[in-house]
Amino acid sequence: MTLHLDDDELVSCVACGLCLPHCPTYRVTGEESASPRGRIAAMRAVQWSGAPLEGDFTRFMDLCVQCRACEAVCPSSVPFGHLMEGARETLASDTRYQPGWRRAGYRVLGRHRLLLTASTALAVGQRLRLVPRRFGLPRLALRRRPLVATGNDVWLFTGCVMDAWMRETHAAVMRVLAAAGAGVALPGPGAACCGALHEHAGLVEDAQRLARRVIGAFPGEAPVLVDSAGCGAALKGYGRLLGTPDAAEFSRRVMDVHEWLAARVDALPVPARRFPQLVAVQDPCHLRHVQKAHAHVRTVLGRYADLVELDDEGLCCGAGGAYAALHPDMAADIRARKVAAIARTGAVVVASANPGCAMHLAVAGLDVRHPLEIVDEVIRDGR
Amino acid sequence: MSGGAINDGALATFAEEVGADGPVACVGGRTQWSVGGAVEAGTREVRAPAGIAEYEPAEMVVRCGAGTTVADLDAALGEKSQCVALPAWDGATVGGVLAVGRSGIRRLGYGPVRDTLLEARYVSAEGRLVKAGGPVVKNVSGFDLCRLLVGSLGTLGLLAQVVLRCRPVPAVSRWFAGELDPFELRLRLHRPTSILWDGTTTWLLLEGHPDDVAAQAAFARAPEVDGPPPLPTGGRRSVRPSELRALTGRFVAEVGVGIVHTAEAQPPAALSPGAVELNRRIKHEFDPSGRLNPGRSVLA
Amino acid sequence: MPDALVADLRAALAPERVLAEPLELTLYARDAGIIEGHAHVVCFPLTTGEVQACVRIARAHGRPFTPRGSGTGLAGGAVPVEDPVVIVTTKMDRILEVDEEDRVAWVEPGVLNLDLTHSVAHLGLHYAPDPSSQQSCTVGGNVATNSGGPHCLLYGVTSAHVLAIEVVLADGSVALLGGVDAEPAGYDLRGAFVGSEGTMGIATRIAVRLTPTPPAVRTLLLDFLSVEGAAATVTGIIAAGIVPAALEMMDAEITRAVEDFVHAGFPRDAAAVLLVEVDGLPAGVEAAAQVVADVGRVHGARSTRVAADEAERALLWKGRKSAFGAIARIAPNYYLHDAVVPRTRLVEVLSRVYEIAARHRLVMMNVFHAGDGNLHPLIVFDRRENGVMERVTAAGEEIITACVEAGGVLSGEHGIGLEKRDYMPLIFGEADLDAQARLRHAFDPDGVANPTKVLPAGSRCGDLQRVPEGAWI
């Protein structure tokens, strides 16, 4: 039995344990099996000593949120995210790790029209009080106003769930980009889903198929801006996922929207008055640990609002894409730490540059907004 | 390197003198001779060797015989502007101060006596020379017998030679006194060396760079005085520092530390049953026949 | 089918807090060192009572027990030997009480060192011992190993900061060692317990001293064209009567690696750099910083950089603390040694250490607490290379011997554990080891608390301590 992992990557962990406090599941459990170090030890047991894939090993791998905070603090630069994706790929192909119903669920994400229809149905269900609050869904709109392209300077990646559930955020982002003088192009239906969740689930072929579609939807040289941290990290990783020069070239064009704006912050209007409330900045893991673009959020948002930092060193909030749906109890335990950290700041409004985090935190009763929604509000108020 | 009055031969002689049989007590300056009870009558008395064996100022450690007086040691170290954080009671020996384990009134700034001992060579109840700890300032090689020996009243072994951590003599050292709130001072001043309080007057020892001392003294708004008040010598009580606030009667208290000096004798402090049993077992392991300083006990 | 021991533990704790599946046990076979053992069962108590239950049940089934915190130790102290019940304290992670006036905090053993400091920072206080693993290691583990850290030069190691410990002893009873008053009665059992590496019981509540954050700090980076110049500066600073808060040295290789990694402006062509921090009141700090700079200049410091602000200070410290991150770029594995030598012998010992590494064809770097003579020779290697472990081990033994011959000791802050247990006779004679064995015996007469650690077999005169079975390097 082998996991088909790269031995060079697997050997690089020296088990120092510096990752432990940065791992959200270890923070909740205090158990090795829920830590990056323990997961790597388990991968080694499978790959090198023939431990079985089914049972405990699958459980250990599945509990990882894939926030990749461990990577950022690892003194040995262990590529943990890649190892975890590799382990899950083997689990998905060699075991019943991803049963049919889960695979079907992930496939809906790539079929945008189906997703939109289903979302409308959910919105109706919410009005009829048929959808329990504990599902953690935001209040969905019955009707979505279509987005209208404004030019060709930059692309905006619209994605799957975010377009279906939080299209108003896209609209706000487009207004801010317009305020910075950029005309925004919108992709065709090919850009329906970035495939991040598929990749995290080990469904690598599905992820690759979606990646190719996405690349095809953004012709030309214009930067591809992303306002969802998870999607942005995925798009930036296409070069590695597909291993082609085209994909690598595409990934180089991808920027988080704050990254792009931060370089042009002077082009943004000077606020007539600042946002009236203190804003706590929550760093989405894939913005902070993977894209390392969290400072740019502060550059842009700090121009419009007074910011306060959390004291948890960017510990994950527990959203993790589909994680909160698949591990609701663990996700809630992880979130409790984040909610406490936010409470310690005294801020009422939370800015999060990732829709998954925003939804997950909103379930705990927090007022969570996309940073550019706050910027948009200040700019519009100033007119 | 200086001294040389004490060598391995002197240690061996001391060990022989202690021997393996019969009750024996180690005598220093007798400055705290009654702590822990009186030594049984008829107990043979021995004295640990005295003198500095090794002193390298750049190491800031000194090796000396346990019979060396603290005053002699400080005088020698003072030539290199160093000292040890042991109270220099009149005639007190290094071994005696360590064996009793009571810190002086500078404990707030210097830390407790127990943190000064780096290595000990002591004579066991079997009359053997035993080494504990090591001659360097940082050491976790094996169990910390040094900490166990400090304050053991010579009931586990008789100190023969020790290696002590030295500290620089401060540039200036000035006492101030006045009717000040000692608890407020303790919170507002950065690491004063000593704060004493008798319920009315507060004495404050500030040490370090002259400008810092002057600035802290100005903050405290207290005039300079010659030195600390005389301490009542009848009794000594150990409490939590915050409990000092509730003291009444006649006393001098070490604020921030929790030591109270009183005129009247104090009852021995209580110990949990589990700890009492451990004390008993340790004594039994190290001195099963009870020959070392019989009559004195850390639980008295 | 779980055995009766596992069943009893599950009944006493909770089924989900007792692990016995093979893959689960694999994850508790080692700490951050390179020695592996085997756990019989792993349990996670939540209270002192549950720790007592774990110990009593282990004993009832004739099993020893091994305490474990975060498992960041490097000497094998938490490695399970003799198929023990591993008692993990990570779920006992509450800060129970912070007394601002007495500057004391009562914590459970699983509280992380840096979490404690963060939680009292708003009071202007911190927990002074700062081992490099401070973000991950537990206070309980710090107590077990008497941990140090860069700032222990001025502030002292863990033992100086622990006031009282509630301990579950090897017989399952509870004792309170030490106290939060100034002079607790009896022998200093607290002092004896700190650094006992789990062989005297398990700490279940710990009272630690909190230290006021100094009003002034100066951080200096001095660079030298010779290791000798840097080492002479270390002794010169101490001899000048300055006790810096921290006095760290990095050699040429590690400085280059660090600079390539963090871009903190460390000189890439230096033979050695010193990172010196002085703290206290402003005038004293200024004067001390001047002395440090002057002593450095006398011994050939090419430049002295004084951190202008907190950001620059943080950057310099990041360079020091990223040393391990930097070496990962050179080879995937490292073996970090830990020994202390008299400060005046640093140059001589360092050159021997380099010579040993060269002779064994190993890449060696040095980044260490120079101020207290605490060397950390770091051998980097790739364990897949044939025969490399033998060379690493042989070099390690020679390094330790060299340090001891220079008047040093086996460990300054990592502890003895399994790693250095059999080197103990290098610095202790038969009577010395016997005395330590007696202390251990008083706490644990049957030798069931973390057996085979610290003291080599036969330490007790007439004692037949077993050699660990199932432990291998």
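Residues numbered from 1 in each chain as written. Chains lettered and ligands numbered in written order. Predicted model: local features only at pLDDT ≥ 70, side-chain atom pairs only at ≥ 80, totals over all residues. Heavy atoms only, no water.

(A) Representation of the environment of Glu313 of chain A in the model. Within the secondary structure, Glu313 of chain A is located in the loop between strand S6 (307-309) and helix H19 (323-326). Note: C-alpha distance between Glu313 of chain A and Arg44 of chain A (269 residues apart in sequence) is 29 Å. For Glu313 of chain A, the contacting residues outside a window of four places in its chain are His22 and Arg288 of chain A together with His118 of chain C. (Helix = DSSP H or I, 4+ residues; strand = E, 2+ residues; numbered from the N terminus. Contact = heavy atoms within 4.5 Å.)

(B) Local environment of the nonpolar core. Ranked by internal contacts, the top residues of the largest apolar core, which has 99 residues, are Leu98, Leu164 and Ile282 of chain B together with Leu439 and Phe443 of chain C. In this structure, Ala339, Ala370, Met389 and Cys403 of chain C belong to the second largest nonpolar core, which totals 49 residues. (Core = buried A, V, L, I, M, F, W, Y, C linked by side-chain atoms within 4.5 Å. Buried < 20%, exposed > 50% of the residue type's maximum accessible area, 1.4 Å probe, protein only.)

(C) View of the interface of chain C and chain B. Taken together, the contact between chain C and chain B spans 92 residues of the former and 67 residues of the latter. Roughly 6500 Å² of surface becomes buried between chain C and chain B when both sides are summed, with 55% attributable to carbon and sulfur atoms. Considering only the surface of chain C that becomes buried against chain B, Glu101, Glu183 and Tyr187 of chain C emerge as the three largest contributors, covering 13% of it. Counting across the chain C and chain B interface gives 10 salt bridges. Measuring nitrogen to oxygen at the nearest pair gives 3.2 Å for the salt bridge that ties Arg438 of chain C to Glu126 of chain B. Inspection of the region where chain C meets chain B yields 33 residue pairs in polar contact (both at pLDDT 80 or more). (Buried area = accessible area lost by both parts, 1.4 Å probe. Salt bridge = Lys/Arg side-chain N within 4 Å of Asp/Glu carboxyl O. Polar contact = N/O pair within 3.5 Å; in protein donor to acceptor, adjacent residues only side chain to side chain.)

(D) The arrangement of the packing of aromatic side chains in detail. Residues and elements named next belong to chain A. Using the criterion set out here, one finds seven aromatic pairs over all chains in the structure. Here Phe218 and Phe250 contribute two aromatic rings whose centre-to-centre distance is 6.1 Å and whose plane-to-plane angle is 40 degrees, an arrangement assigned as tilted. Here the residue Phe218 occupies a position in the loop between helix H12 (204-216) and strand S3 (224-226), and Phe250 occupies one in helix H15 (residues 245-253), the gap between them amounting to 32 residues. Each residue in the set Trp155, Phe157, Phe218, Tyr238 and Phe250 is aromatic and connected to the rest through ring pairs, giving one cluster. (Phe/Tyr/Trp six-rings, centres within 6.5 Å; stacked < 30°, edge-to-face > 60°.)

(E) Layout of the domain arrangement of chain C. All names here are of chain C. Considered domain by domain, chain C is made up of domain 1 (4-88), domain 2 (95-212), domain 3 (216-325) and domain 4 (331-405). Between the C-alpha centres of domain 3 and domain 4 the distance comes to 22 Å. Each partner contributes residues to the interface: domain 3 has 16 residues there, and domain 4 has 17 residues. Counting each side, the surface lost to burial between domain 3 and domain 4 is near 1500 Å², with a carbon and sulfur contribution of 72%. It is Met249, Asp251 and Phe324 in domain 3 that bury the most area against domain 4; as a group they hold 33% of the surface buried on that side. Linking domain 3 to domain 4 there are zero salt bridges. Joining domain 3 to domain 4, the criterion identifies six residue pairs in polar contact (both at pLDDT 80 or more). (Domains from an automatic or database assignment.)

(F) Summary view of a nonpolar patch on the surface. Where nonpolar side chains cluster on the molecular surface, the patch consists of Val124, Leu128, Leu130 and Leu142 of chain A and spans about 390 Å² of accessible area. For Leu128 of chain A, a relative accessible area of 56% corresponds to the exposed category. (Patch = residues over 30% accessible without salt bridge, like charges linked within 9 Å, V, L, I, M, F, W, Y side chains within 5 Å. Areas by Shrake-Rupley, 256 points an atom, 1.4 Å probe, with all protein chains shown as cover.)

(G) Molecular detail of the sheet that holds strand S5 (residues 95-99) of chain C. Residue and element names in this part refer to chain C. Across the sheet, which stays open at both edges, the five strands sit in the order S5-S6-S10-S8-S9 with antiparallel pairing between neighbours. Two strands close off the open sheet at either side, each with one partner strand: S5 and strand S9 (174-178). Taken pair by pair, the neighbouring strands of this sheet meet at an average axis angle of 15 degrees, ignoring direction. Of the strand pairs in this sheet, strand S8 (residues 162-168) and S9 are connected by five bridges, and their pairing is antiparallel. Looking across to S9, one finds that Glu166 is bridged to Leu176. Seen against the sheet, helix H3 (residues 48-60) touches S8, S9 and strand S10 (202-209) and runs at an angle of roughly 50 degrees to S8. Contacts between helix H4 (residues 113-120) and the sheet are confined to S5, strand S6 (104-107) and S10, with S5 contributing the most and set at about 45 degrees to the helix. (Pairing = 2+ DSSP bridges. Axes fitted to C-alpha atoms, helices over the stretch in contact; angles between N-to-C directions.)

(H) Highlighting the interface of chain A and chain C. In this complex, chain A contributes 34 residues to the contact, which on the side of chain C involves 34 residues. Linking chain A with chain C are five salt bridges. Glu31 of chain A is paired through a salt bridge with Lys91 of chain C; the nearest N and O atoms lie 2.9 Å apart. The interface formed by chain A and chain C contains 12 residue pairs in polar contact (both at pLDDT 80 or more). Secondary structure elements with two or more residues in the side of chain A that touches chain C: helix H1 (7-11), helix H2 (24-29), helix H3 (36-49) and helix H4 (56-62) of chain A. Broken down by element, the side of chain A that touches chain C gets its largest block of residues, six residues, from H3 of chain A. Considering only residue class, the side of chain A that touches chain C consists of 16 nonpolar, eight polar and 10 charged. (Nonpolar A, V, L, I, M, F, W, Y, C, P; charged D, E, K, R; others polar.)

(I) Quick look at the sheet that holds strand S15 (residues 259-262) of chain B. All names here are of chain B. The strand order across the open sheet formed by seven strands is S12-S9-S11-S10-S14-S15-S13, and the pairing between neighbours is antiparallel. Looking at the sheet topology across the chains shown, the edges are occupied by strand S12 (224-225) and strand S13 (235-238). Note: S13 against S15, four bridges, orientation antiparallel. Within S15, the position partnered with Gly235 by the bridge is Thr262. Set on the sheet, helix H7 (residues 210-220) makes contact with strand S9 (172-178) and strand S11 (202-208); between it and S11 the angle comes to about 155 degrees.

(J) Geometry of helix H6 (residues 80-94) of chain A. All names here are of chain A. Between its terminal C-alpha atoms H6 stretches 21 Å, which fits the 21 Å expected from 15 residues at 1.5 Å a residue. Of all 15 residues in H6, 11 are buried; the element is thus mostly enclosed. Buried within H6 are the following residues: Phe80, Gly81, Leu83, Met84, Glu85, Gly86, Ala87, Arg88, Thr90, Leu91 and Ala92. Taken together, the buried residues of H6 touch H1, H3, H4, helix H5 (69-73), helix H7 (100-110) and helix H11 (196-200). (Expected span 1.5 Å × (residues − 1).)

(K) Quick peek at the arrangement of the chains. With two pairs of chains in contact overall, the greatest share of contacts is found between chains B and C. Spatially, chain A is disjoint from chain B: no contact exists, and the shortest C-alpha separation is 20 Å.

(L) The pattern of salt bridges, seen in detail. Residues and elements named next belong to chain C. Under the definition given, this model contains 74 salt bridges over all chains. We note a salt bridge from Glu108 to Arg94, for which the minimum N-O separation is 2.7 Å. Here Glu108, found in the loop between S6 and H4, pairs with Arg94, found in the loop between strand S4 (85-88) and S5; they are 14 residues apart in sequence, far enough to count as distant. Using a relative accessible area of 49% as the deciding quantity, one classes Arg94 as partly exposed. Linking Arg359 and Glu355 is a salt bridge whose minimum nitrogen-to-oxygen distance equals 2.6 Å. A residue pair is termed a helical-turn pair when its members lie 3 or 4 positions apart in one helix, as Arg359 and Glu355 do in helix H13 (residues 346-359) at four residues. For Glu355, a relative accessible area of 38% corresponds to the partly exposed category.

(M) Seen up close, the side chain of His151 of chain C. Residue and element names in this part refer to chain C. One can find His151 in the loop between helix H5 (139-145) and helix H6 (152-155). Residue classification places His151 among the buried residues on the basis of a relative accessible area of 13%. Engagement of the side chain of His151 in a polar contact is seen with the side chain of Asp130, the distance being 2.7 Å. Beyond its immediate sequence surroundings of up to four residues, His151 is in contact with Asp130, Ala245, Ala246, Glu277, Arg313 and Trp317.

(N) Region of the structure containing the environment of Arg359 of chain C. All names here are of chain C. Using a relative accessible area of 45% as the deciding quantity, one classes Arg359 as partly exposed. Spatially, the C-alpha atom of Arg359 lies 9.6 Å from that of Arg391, the residues being 32 residues apart in sequence. A distance of 2.6 Å separates a polar atom in the side chain of Arg359 from a polar atom in the side chain of Glu355.

(O) Fine view of H12 of chain A. Residue and element names in this part refer to chain A. Counted at 1.5 Å a residue, the expected span for H12 with its 13 residues is 18 Å, and the 18 Å between its end C-alpha atoms agrees. Along H12, the positions that sit buried rather than exposed are Val204, Asp206, Ala207, Leu210, Ala211, Val214 and Ile215. Across the axial projection of H12, the buried residues extend over an arc of 165 degrees, all falling on one side. Facing away from the buried side of H12 by over 90 degrees, the exposed positions are Glu205, Arg212 and Gly216. (Arc of directions from axis to C-beta.)

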